[in-house]
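So you can see what is in the structure, the chains are spelled out below.
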Amino acid sequence: MADHERISFLPLPGADDVPEGVARLWAKSEEAFGFVPNVFRAQAYNGDQFQAWWNYFNLLVNKEGHLSNADRELLGVVVSNVNRCTYCVVSHTAALRTYTEDERTADLVAINWRQADLPEREAVMAAYAEKLTLHPADVVESDLEPLRAVGLDDHQILELVQVVGMFNLTNRVSSALGFVPNAEYHGQGRS
């Protein structure tokens, strides 16, 4: 594979080198999206760990929860931007564009959420996600008050914190190993 085609600093496993569950996920992704996300291919080098990560990520980000899919993707894009995680900014901005059907706002969030003219609820969530990402040791109980003031209940606050934590973990893995986003993400959610 040429350097411009590399998707990770580590070698990639072949289809015959991954556990059956990973192979099924790759096939399911190919069927649903028309491609296998590079993060699935790159992390599958350690198949069992990848599957454990995916099960929790999928539960937090993709399944029905206390926050909407758009809320969770907003948090993911804000955290990924703060962490300068190329893979996650590109892939989750595509998802945010899709869930919100608002290309402009999603693209602005990917660069600087403060310039995206977010509604108050989303802006408060973004500010909290940014603080927890940049200054986790400075987060105190009173930081939850603005979240409650815009209508988030305790289930939503817990989910918000879990999503922010998951994206911080995933950003670090993706950045440390040089994961490259699939070209398909750049056009998703665009008219």
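Up top is the structure these notes are about.
Since this is a predicted model, take the numbers as computed values, not measurements. Throughout, residues of each chain are indexed from 1 in the direction in which the sequence is written. Predicted model: local features are reported for residues with pLDDT of at least 70 only, side-chain atom pairs are reported and counted for 80 or more only, and whole-chain, interface and lining totals are derived from all residues. Only hydrogens and water are set aside; all other atoms, that is, all heavy atoms of the structure, feed into the side-chain values.

Chemist: Quick question: what am I supposed to make of the overall build of the chain here?
Modeler: Runs of H or I in DSSP of at least four residues are treated as helices and runs of E of at least two as strands, each being numbered from the N terminus. Regarding its fold elements, the chain presents 9 helices and 0 strands. Its helices and strands taken in sequence order, the chain reads α-α-α-α-α-α-α-α-α from the N to the C terminus. Two things to know: the radius of gyration comes from C-alpha atoms, and the globule rule equals 2.2 Å times the number of residues to the power 0.38. Against the 2.2 N^0.38 benchmark of 16 Å for 191 residues, the chain shows a C-alpha radius of gyration of 17 Å, consistent with a compact globule. Dimensions along the principal axes, computed over C-alpha positions, put the chain at roughly 50 × 35 × 30 Å. Counted over contacts in the chain with a minimum sequence separation of 6, partners at least 24 positions apart contribute 66%. To measure how exposed things are, a 1.4 Å probe is used in the Shrake-Rupley method; for residues, cover is taken only from the protein chains shown. Just so you have it, the chain exposes about 10100 Å², and 52% of that area is on carbon and sulfur atoms. Contacts between residues were defined by any pair of non-hydrogen atoms, one from each residue, lying within 4.5 Å.

Chemist: Got a minute to help me understand the packing of helix H4 (residues 69-82) against helix H6 (residues 103-112) in this structure?
Modeler: Between two packed helices, both the angle of their axes relative to each other and the distance between the axes serve to describe the pair. In the contact formed by H4 and H6, the axes pass within 7 Å of each other and the chain directions differ by 35°. In this structure, H4 contributes Leu-74, Val-77, Val-78 and Asn-81 to the contact, and H6 contributes Val-109, Ala-110 and Ile-111. Note on method: axes are straight lines fitted to C-alpha atoms, helices fitted across the in-contact stretch only, with angles between N-to-C directions ranging 0 to 180 degrees.

Chemist: It is not clear to me how the pattern of salt bridges should be interpreted in this structure. Could you clarify?
Modeler: Note that side chains of opposite charge can pair when their charged atoms are close. Note on definitions: salt bridges are taken to be side-chain nitrogens of Lys or Arg within 4 Å of carboxyl oxygens of Asp or Glu. According to the stated counting rule, one finds 10 salt bridges in the structure shown. Close ionic contact of Glu-130 with Arg-114 constitutes a salt bridge, the shortest N to O distance being 2.4 Å. Taken together, the positions of Glu-130 in helix H7 (residues 120-134) and Arg-114 in the loop between H6 and H7 put the pair 16 residues apart, joining distant regions of the chain. A relative accessible area of 51% places Arg-114 in the exposed class. Buried residues are those whose accessible area, probed at 1.4 Å on protein chains only, stays under 20% of the maximum for their type, while exposed residues exceed 50% and partly exposed ones sit between those limits.

Chemist: Before we go on, may I ask you to explain the packing of aromatic side chains in this structure?
Modeler: Any aromatic ring pair is given by two values, namely how distant the centres are and how the planes are angled relative to each other. The pairing test for Phe, Tyr and Trp rings, Trp by its six-membered ring, is centres within 6.5 Å, and the orientation test on the planes gives stacked under 30 degrees, edge-to-face over 60, and tilted for anything in between. In the structure shown here, the tally under the stated rule is 10 aromatic pairs. Counting every residue linked through ring pairs, the aromatic cluster contains Phe-40, Phe-50, Trp-53, Trp-54, Phe-57 and Phe-167.

Chemist: Explain helix H5 (residues 86-100) to me, please; I cannot follow it from the model alone.
Modeler: Since one α-helical turn is 3.6 residues long, residues separated by three or four positions face the same way. Expected span, for any helix, means 1.5 Å times one less than how many residues it has. Across its 15 residues, H5 extends 21 Å between first and last C-alpha, which sits within 8% of the 21 Å expected from 1.5 Å per residue. Of all the 15 residues making up H5, 11 are buried; the element is thus mostly covered by neighbouring parts of the structure. Taken together, the buried positions of H5 are occupied by Tyr-87, Cys-88, Val-89, Val-90, Ser-91, His-92, Thr-93, Ala-94, Ala-95, Leu-96 and Arg-97. Where H5 is buried, its residues contact helix H2 (38-43), helix H3 (47-61), H4, H6 and helix H9 (154-176). Downstream of H5 by a residue or two, Glu-101 has a phi angle that is positive, lying close to 55°.

Chemist: What is the right way to read unusual backbone geometry from this model?
Modeler: Where the residue is not glycine, phi is negative for most of them; where a peptide bond is considered, it is trans in most cases. You will see that Arg-84, though not glycine, has its phi angle at about 55°, which is positive. In this structure, Arg-84 sits in the loop between H4 and H5.

Chemist: What should I look at first to understand the state of the cysteines in this one?
Modeler: In protein structure, a disulfide is the covalent linkage between the sulfur atoms of two cysteines. The term disulfide is used for any two cysteine sulfur atoms that are within 2.5 Å. What the rule picks out here adds up to 0 disulfides. Between Cys-85, a free cysteine, and Cys-88, which holds the nearest cysteine sulfur, the sulfur-to-sulfur gap is 3.6 Å. A residue is classified by how much of its surface remains accessible, and Cys-85, at 1% relative accessible area, is buried. Overall, the relative accessible area of 2% leaves Cys-88 in the buried class.

Chemist: For this particular structure, what's the right way to read the packing of H3 against H9?
Modeler: Interaxial distance between H3 and H9 falls to 10 Å at its minimum, and their mutual angle equals 140°. One element, H3, and the other, H9, form an angle in the oblique class. The chirality of how H3 crosses H9 is left-handed. Between H3, through Trp-53, Tyr-56, Phe-57, Leu-60 and Val-61, and H9, the contact on the second element is made entirely by Gln-162, Val-163, Met-166, Phe-167, Leu-169 and Thr-170. Residues are sorted three ways: Asp, Glu, Lys and Arg are charged, Ala, Val, Leu, Ile, Met, Phe, Trp, Tyr, Cys and Pro are nonpolar, and all the rest, Gly among them, are polar. Here the contact of H3 with H9 is composed, by residue class, of 9 nonpolar, 2 polar and no charged. These descriptions rest on fixed angle ranges, namely under 35 degrees for roughly parallel, over 145 for roughly antiparallel, 65 to 115 for roughly perpendicular, and the rest for oblique. Crossing handedness: left-handed means the near helix sits turned counterclockwise from the far one by under a right angle, and right-handed means the same turn made clockwise.

Chemist: Explanation requested: the environment of Gly-189 in the structure shown.
Modeler: For Gly-189, the position within the fold is in the segment after H9. Residue Gly-189 is classed as partly exposed on the basis of its relative accessible area, which comes to 29%. With sequence-adjacent residues up to four places away left out, Gly-189 is seen in contact with Arg-97, Thr-98 and Glu-103.

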